[in-house]
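# Residue-level structure breakdown
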Amino acid sequence: MQALAHVATLARLATLAAALALLALLGLHPAVDDRGGVRAAGPLPACRYDDITTSPRGYDDWRTTLVDTILRVPSSYAPPDLVRVHDLGVPGGGFVRAVMGEDLQAMRAAAVAAGSPIGIESAYRSYTDQQAVFAKWVRLYGRTQALHISARPGHSEHQLGLAIDFRSDPPVATLNASWGTTAAGKWMRNHAWEYGFVMSYPKGKTSLSCYDYEPWHFRYVGRDLAALVHGSGLTLREYLWANFTTAIVPPPKPKPTVHPTPIPTHPTATIAPLLTPAASAPSLAPPSQPPLASLAPTISPQVPNGSTEAPLASPPPATQASSVSGLAPVLVGSAGIALGTIVLGGLLLVRRRGRSGIGL
Ligand SMILES: [Zn+2]
């Protein structure tokens, strides 16, 4: 009987392998667009917090590297070609990548000529800088609200050296949602893309960009790509994910299941107090976008987590497979196919791209 069972097991495994190969051949090849981008294998992930290392992320991939609340660059990621903003003749301080130098100067000149001069409030931030920035918002507003308005270390476009928080020159309504209604804010919204800059977190797109509206925060992607993003009507996150991102983002980890405790014999006991609410991850759902200054009175003071360190280690996706071992064979088979397909898809992607992250 044991031998028979063994043969049956082998047969099931062979069937599963064949199914996986068929799925990989049929529908899970990433499509290659006319710009050489490889479409991500799957729809845009819903906003959540994770620590998946992004890809592509080489310093030469500056146009197409995506960081968001899920995808990140390593803490060691530091662009090699940072130049001082001051040396570019643009008001403000800090550093930006040299790749944007000429376009930034041209944009500043055009904004001045239009009567809406711009300056720079904040540019490149190292991983350590971003740790301090995020910690400041956590201290001010609590972690839940901080996650809406600030990136965890490793997840910031500022660490790419390609993001700038612009301001008016002289400063008006700096880092405030109302800056979008100033002359400089309006000019940037309408013209920044012509110089290679895209507003990363536009108004009304919080559910897609995963951050509150920030009319001052622009990401440089170069003029060609900025024109494509602008023409698409998509957020930068959507566009990069759909056309260039090759990172594999596993589905979110399931929340722990709550098992009702047997009702004690005491006649007045009720079930309700025995159910422990599932640990609630910070929600990105509320789309309200008040100016930062107006947030303070609404912040609940009992947010307990003042940690300045986001967890950095990515849990290995493979561990999710172990949790299905007790399910019905059909479910196990389905989960196995899905997991195997993801792995195969990842292998195909790696082979097709043939590149590795310089940033590691
Ligand atoms: Zn910013």
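Structure's up top.
Residues numbered from 1 in each chain as written. Predicted model: local features only at pLDDT ≥ 70, side-chain atom pairs only at ≥ 80, totals over all residues. Heavy atoms only, no water.

## Details of the sheet that holds strand β6 (residues 163–168)
- The four strands lie next to each other as β5-β6-β8-β7, forming an open sheet whose pairing is antiparallel. The open sheet terminates on both sides in strands that have one partner only, identified here as β5 (118–122) and β7 (197–199). Adjacent strand axes in the sheet meet at a mean angle of 45°, parallel and antiparallel pairs treated alike.
- Sheet topology places β7 next to strand β8 (residues 217–220); three bridges connect them, and they run antiparallel. Paired with M199 across the bridge in β8 is F218.
- Sitting on the sheet, helix α2 (residues 101–113) is in contact with β5, β6, β7 and β8, with an inclination near 130° to β5. (Pairing = 2+ DSSP bridges. Helix = DSSP H or I, 4+ residues; strand = E, 2+ residues; numbered from the N terminus. Axes fitted to C-alpha atoms, helices over the stretch in contact; angles between N-to-C directions. Contact = heavy atoms within 4.5 Å.)

## Considering the packing of aromatic side chains
- In the structure shown here, the tally under the stated rule is eight aromatic pairs.
- Centre to centre, the rings of W62 and Y220 are 5.5 Å apart; their planes meet at 10°, and the pair counts as stacked. Here W62, found in the loop between β1 (52–53) and β2 (71–72), pairs with Y220, found in strand β8; they are 158 residues apart in sequence, far enough to count as distant. In this structure, W62 and Y220 share a single accessibility class: buried.
- Considering the side-chain rings of F197 and Y220, the 4.9 Å spacing of their centres and the 50° angle between planes classify their relative orientation as tilted. Here the residue F197 occupies a position in strand β7, and Y220 occupies one in strand β8, the gap between them amounting to 23 residues. (Phe/Tyr/Trp six-rings, centres within 6.5 Å; stacked < 30°, edge-to-face > 60°. Buried < 20%, exposed > 50% of the residue type's maximum accessible area, 1.4 Å probe, protein only.)

## Regarding the coordination of the zinc ion
- Each protein donor to the zinc ion is listed here as H158 (NE2), D165 (OD) and H217 (ND1); together their distances run 2.0 to 2.1 Å.
- Sequence spacing of the donors to the zinc ion: H-x6-D-x51-H. Taken together, the positions of D165 in strand β6 and H217 in strand β8 put the pair 52 residues apart, joining distant regions of the chain.
- Overall, D165 belongs to the buried group, its relative accessible area being 4%.
- Look at H217 and you get buried, because its relative accessible area is 3%. (Donors = N, O, S within 2.8 Å, 3.2 Å for Na, K, Ca; no water.)

## Quick notes on the pattern of salt bridges
- Enumeration over the complete set of coordinates arrives at 11 salt bridges.
- Of the charged contacts, one joins D51 and R152 as a salt bridge, the two residues approaching to 3.2 Å between their closest N and O atoms. Of this pair, D51 sits in the loop between α1 (2–26) and β1 while R152 sits in the loop between α4 (143–149) and β6, and the two are 101 residues apart along the sequence.
- When its relative accessible area of 5% is taken as the criterion, D51 is described as buried.
- Note that D103 is salt-bridged to R223, the shortest N-O span being 2.7 Å. Residue D103 is located in helix α2, and its partner R223 is located in helix α7 (residues 223–232); the two are separated by 120 residues in the primary sequence.
- Residue D103 is classed as buried on the basis of its relative accessible area, which comes to 13%.
- Each of R108, E121, R167 and D169 takes part in salt bridges that share partners, so that together they form one network. (Salt bridge = Lys/Arg side-chain N within 4 Å of Asp/Glu carboxyl O.)

## Topic: α2
- The end-to-end C-alpha distance of α2 is 19 Å, a good match for the 18 Å that 13 residues give at a rise of 1.5 Å each.
- When we look at burial in α2, the residues that qualify are G101, D103, L104, M107, R108, A110 and A111.
- Backbone geometry just after α2 places G115 at a positive phi near 80°. (Expected span 1.5 Å × (residues − 1).)

## Re the state of the cysteines
- Evaluated as defined, the whole model comprises one disulfide.
- Bridging C47 to C210, the disulfide has an S-S length of 2.1 Å. Torsion about the S-S bond of the C47 and C210 cystine: about -85°, corresponding to left-handed handedness. Placement of the pair is C47 in the loop between α1 and β1 and C210 in the loop between α6 (206–209) and β8, with a sequence separation of 163 residues. (Disulfide = S-S within 2.5 Å.)

## Points about the packing of α7 against helix α8 (residues 236–243)
- It is the contact of α7 with α8, at a shortest axis distance of 10 Å, that shows an interaxial angle of 110°. Classified by the interaxial angle, the pair formed by α7 and α8 is roughly perpendicular. Contacts between α7 and α8 involve L225, L228, V229 and S232 from the first element and L236, Y239 and L240 from the second.
- Partitioned by chemical class, the residues of the contact of α7 with α8 number six nonpolar, one polar and no charged. (Parallel < 35°, antiparallel > 145°, perpendicular 65-115°, else oblique. Nonpolar A, V, L, I, M, F, W, Y, C, P; charged D, E, K, R; others polar.)

## Concerning the side chain of R57
- By the element assignment, R57 lies in the loop between β1 and β2.
- For the buried residue R57, which engages in no salt bridge, the nearest side chain bearing the opposite charge is D61, 8.2 Å off.
- Engagement of the side chain of R57 in a polar contact is seen with the backbone oxygen of T54, the distance being 2.6 Å. (Lys, Arg positive; Asp, Glu negative; His and termini not counted. Polar contact = N/O pair within 3.5 Å; in protein donor to acceptor, adjacent residues only side chain to side chain.)

## Some thoughts on the nonpolar core
- Ranked by size, the top nonpolar core spans 34 residues in total, and within it L104, M107, I164, F166, M188 and F197 carry the most contacts.
- Taken together, the elements giving at least two residues each to this core come down to α2, β5, β6, α5 (183–191), β7 and β8.
- Top element by residues in this core is α2. It accounts for four residues.
- Other than its neighbours up to four places away in sequence, M188 contacts M107, I118, F166, W179 and F218.
- L225, L236, A247 and V249 belong to the second largest nonpolar core, which has 16 residues in total. (Core = buried A, V, L, I, M, F, W, Y, C linked by side-chain atoms within 4.5 Å.)

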